[in-house]
Amino acid sequence: MIKVAPSILAADMLHLYDEIQKVVSAGCDLLHVDVMDGHFVPNLSYGPDMVRGIHAAFPELKLDVHLMMDHPEEYIQRFAQGAWNITVHEEIEADLSELLDRIHECGVHTGISLKPATPVSRVVPLLSQADMILIMTVEPGFGGQSFQREMLGKLRELRRIGYQGLLEADGGLTLNNLPDLKQAGLDVAVMGTAIYRSEHPADDIRRIHSL
Ligand code: DX5
Ligand code: ZN
């Protein structure tokens, strides 16, 4: 069953509590928190206090924290206060193996994300340390972009080489492209626009769970 992780990047920030309550009531499985530092991506979003605050208000909700940051190593302990998963990008300079170990030492699941231009081969040495691989299906930084179909090949390649962890995709996901993503091996769907602009999010999530 595909798990649904709404991205609050598409939520109304001025009514965030209600926007989170809406997707929780609609049956989401995780909540995706897109953290942006204005360097790794040309956008700024929120910091560790936001994650801690959401966790305090929704302690049962699994927070899937996506760090689009050049130096996440400086923030791991702070994001770990509330995160269920912390995903870092393969493209950063830090020692990824050491970083993933540190995230695990905080009792948090690990994820590695690949930008569209980054090949799967770059993440193969780290697969044993990654509880989840996040395949960006758009260029990171902004919601509401179009799904890049050619990224389906990365999911298939990871399954072909025997990766047993969770496969997640992020960017332009809709009910129309999810069947192909599921067939390629998807486990977790990050959905911002498709869920937050839906008239019937609970129906949509039920349809996704039944794919
Ligand atoms: C890009 C963001 C978006 C967002 C989901 O950095 O990570 O992919 O979460 O965007 P949409 O609105 O396309 O579902
Ligand atoms: Zn994301």
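Chemist: So what exactly am I meant to see when it comes to the environment of Asp64 here?
Modeler: Mapped onto the fold, Asp64 is located in strand S3 (residues 63–68). Classification of Asp64 as buried rests on a relative accessible area of 0%. Not counting chain neighbours up to four residues away, the residues in contact with Asp64 comprise Ala5, Leu30, Leu31, His32, Val33, Asn85, Thr87, Met132, Glu168 and Val190.

Chemist: Please clarify how a negative patch on the surface should be interpreted in this entry.
Modeler: On the surface, a cluster of negative charge is made up of Asp95, Glu98, Asp101 and Glu105. By relative accessible area, Glu105 is classed as exposed at 67%.

Chemist: I tried to follow the nonpolar core on my own but got confused; where do I start?
Modeler: In this structure, Ile8, Ile86 and Ile133 are the most contacted members of the largest nonpolar core, which totals 66 residues. Ignoring any residue separated from it by four or fewer positions in sequence, one finds Ile8 in contact with Met13, Leu16, Ile20, Leu31, His32, Val33, Tyr46, Ile54 and Tyr196.

Chemist: Sorry, what's going on with the packing of aromatic side chains here?
Modeler: Working definition: an aromatic ring pair is given by the centre-to-centre distance plus the angle between the planes. Enumeration over the complete set of coordinates arrives at two aromatic pairs. With centroids separated by 6.3 Å and ring planes inclined at 50°, the aromatic side chains of Tyr75 and Phe79 adopt a geometry described as tilted. You can call Tyr75 partly exposed: its relative accessible area is 26%. Classification of Phe79 by relative accessible area gives buried; the value is 1%. Directly above the aromatic system of Phe40 lies the positively charged group of Lys115, at a separation of 4.9 Å from the ring centroid.

Chemist: Explain the coordination of the zinc ion (ligand 2) here, please?
Modeler: Six octahedral donors at a metal ideally form angles of 90 or 180 degrees, and four tetrahedral donors ideally form angles of 109.5 degrees. Protein-derived ligands of the zinc ion (ligand 2) are His32 (NE2), Asp34 (OD), His66 (ND1) and Asp170 (OD), with the metal-ligand distances lying across 1.9 to 2.2 Å. All donor residues of the zinc ion (ligand 2) come from one chain, and their arrangement in sequence is H-x1-D-x31-H-x103-D. Residue classification places Asp34 among the buried positions, given a relative accessible area of 3%.

Chemist: Quick question: what am I supposed to make of the side chain of Ser198 here?
Modeler: Residue position: Ser198 is located in the loop between helix H7 (193–196) and helix H8 (201–209). The exposure class assigned to Ser198 is buried, which follows from its relative accessible area of 15%. Looking at Ser198, its side chain comes within polar contact range of the main-chain nitrogen of His200, at 3.0 Å. Among the polar contacts made by the side chain of Ser198, one reaches the side chain of Asp204 at a distance of 2.6 Å. Ignoring any residue separated from it by four or fewer positions in sequence, one finds Ser198 in contact with Thr193 and Asp204.

Chemist: Honestly, H8 in this entry has me stumped. Any pointers?
Modeler: Note that an α-helix has 3.6 residues per turn; residues three or four places apart therefore point the same way. Every buried residue belonging to H8 is among Pro201, Asp204, Ile205 and Ile208, and all of these are buried. All buried residues of H8 lie within an arc of 95° about the axis, which places them on one face of the element. The inward-facing, buried residues of H8 contact strand S1 (3–6), helix H1 (16–25), helix H6 (178–184), strand S8 (188–191) and H7.

Chemist: Sorry if this is basic, but what is going on with the sheet that holds strand S7 (residues 166–170) here?
Modeler: The strands that make up a sheet pair up through hydrogen bonds in the backbone, lying either parallel or antiparallel. Ordered in space as S1-S8-S7-S6-S5-S4-S3-S2, the eight strands form an open sheet in which the pairing is parallel. Looking at the sheet topology across the chains shown, the edges are occupied by S1 and strand S2 (31–36). Taken pair by pair, the neighbouring strands of this sheet meet at an average axis angle of 25°, ignoring direction. Strands S2 and S3 of the sheet are contacted by helix H2 (residues 48–57), whose axis makes an angle of about 175° with S3.

Chemist: Any chance you could explain the side chain of His32 here in plain terms?
Modeler: Position of His32 relative to the elements: it lies in strand S2. Its relative accessible area of 0% is what places His32 among the buried residues. There is a polar contact of 2.8 Å between the side chain of His32 and the side chain of Asp64. In this structure the side chain of His32 is engaged in a polar contact, spanning 3.1 Å, whose partner is the side chain of Asp170. In this structure His32 touches Ala5, Pro6, Ser7, Ile8, Asp64, His66, Leu134, Glu168, Asp170 and Val190, once residues within four positions along its chain are discounted.

About the criteria used
Residues numbered from 1 in each chain as written. Chains lettered and ligands numbered in written order. Predicted model: local features only at pLDDT ≥ 70, side-chain atom pairs only at ≥ 80, totals over all residues. Heavy atoms only, no water. Helix = DSSP H or I, 4+ residues; strand = E, 2+ residues; numbered from the N terminus. Buried < 20%, exposed > 50% of the residue type's maximum accessible area, 1.4 Å probe, protein only. Contact = heavy atoms within 4.5 Å. Patch = residues over 30% accessible without salt bridge, like charges linked within 9 Å, V, L, I, M, F, W, Y side chains within 5 Å. Areas by Shrake-Rupley, 256 points an atom, 1.4 Å probe, with all protein chains shown as cover. Salt bridge = Lys/Arg side-chain N within 4 Å of Asp/Glu carboxyl O. Lys, Arg positive; Asp, Glu negative; His and termini not counted. Charge placed at Lys NZ, Arg CZ, Asp CG, Glu CD. Core = buried A, V, L, I, M, F, W, Y, C linked by side-chain atoms within 4.5 Å. Phe/Tyr/Trp six-rings, centres within 6.5 Å; stacked < 30°, edge-to-face > 60°. Lys NZ or Arg CZ within 6 Å of the ring centre and 35° of its normal. Donors = N, O, S within 2.8 Å, 3.2 Å for Na, K, Ca; no water. Polar contact = N/O pair within 3.5 Å; in protein donor to acceptor, adjacent residues only side chain to side chain. Arc of directions from axis to C-beta. Pairing = 2+ DSSP bridges. Axes fitted to C-alpha atoms, helices over the stretch in contact; angles between N-to-C directions.

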